[in-house]
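# Summary of structural features
One-letter residues, chain by chain:
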Amino acid sequence: MAFEKVVKVGDREITVFELTVAQVRDMAKAAEVDNADPLSNWLIEDTPFVVIAAMSSVKVEELDEWRPSEIKQLADVCREVNPDFFAMSRRISAAVEKMRGVSLTETSPP
């Protein structure tokens, strides 16, 4: 697997790179702040804009001018270059869902 990949999206040339562990931590902190914008978090499944920006040469604000199909194309390359990050994200989501299920069954009246 490459540590970075250059992709052409429309007329733009974007570099997508594999995050270091420190960059993943920084991105997680930035994502906490960005939770107020549902569009940025839900437009592309499992890939909020803050994640795309952290993994590429694109800034979050620039994505407002992109078409969803272009953002999806870039998100697909982010997933390709950062498979370990996305695997971790799926594990965390599964654990959260499992905890929600346990919590709901424990608090339900008989």
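Details of the structure are given in the entry above.
Keep in mind that this is a model prediction, so the values were computed, not measured.

Cut-offs used in this document
Along every chain, residues carry numbers that run from 1 in the direction the sequence is written. A pLDDT threshold of at least 70 governs which residues receive local features in this predicted model, and a stricter bar of 80 or more applies before side-chain atom pairs are shown or counted, although totals over entire chains, interfaces and linings include all residues. Based on all heavy atoms of the structure, the side-chain values leave hydrogens and waters out of the count. What makes two strands pair is DSSP finding at least two bridges between them. The numbering of helices and of strands both runs from the N terminus, where a helix is a DSSP run of H or I of at least 4 residues and a strand a run of E of at least 2. Relative accessibility thresholds used throughout: buried, under 20% of the residue-type maximum; exposed, over 50%; partly exposed, between the two (1.4 Å probe, protein chains only). In what follows, a contact means two residues having at least one pair of non-hydrogen atoms within 4.5 Å. For this analysis, a nonpolar core means a set of buried residues of the types Ala, Val, Leu, Ile, Met, Phe, Trp, Tyr and Cys, connected via side-chain atoms within 4.5 Å.

Summarising the sheet, strand 1 (residues 4-9) and strand 2 (residues 12-17) pair through six bridges and their orientation is antiparallel. Pairing of Lys 5 across the sheet is with Val 16, part of strand 2. In this structure, the hairpin formed by strand 1 and strand 2 is closed by a connection of two residues, where Gly 10 is found at a positive phi of approximately 65°.

This next bit is on the environment of Glu 18. When you line up the elements, Glu 18 lands in the loop between strand 2 and helix 1 (21-33). Exposure remark for Glu 18: the relative accessible area of 22% places this residue in the partly exposed category. Between the C-alpha atom of Glu 18 and that of Val 81, which follows or precedes it by 63 residues, the distance is 5.7 Å.

A few words on the side chain of Ser 56. If you trace the backbone, Ser 56 turns up in the loop between helix 3 (49-54) and helix 4 (68-81). The exposure class of Ser 56 is buried, given its relative accessible area of 6%. Setting aside residues up to four positions removed in sequence, Ser 56 forms contacts with Ile 14, Thr 15, Val 16, Phe 17 and Leu 74.

A word on the nonpolar core. One recurring pattern in soluble globular proteins is that nonpolar side chains are buried together. Core analysis: the biggest nonpolar cluster contains 24 residues, and Trp 66 and Leu 74 have the highest contact counts within it. Those elements that place two or more of their residues in this core are strand 1, strand 2, helix 1, helix 3, helix 4 and helix 5 (83-107). The leading source of residues in this core is helix 4, at six residues. Once you skip the residues sitting within four places of it in the chain, Trp 66 turns out to touch Val 9, Arg 12, Ile 14, Val 58, Ile 71 and Leu 74.

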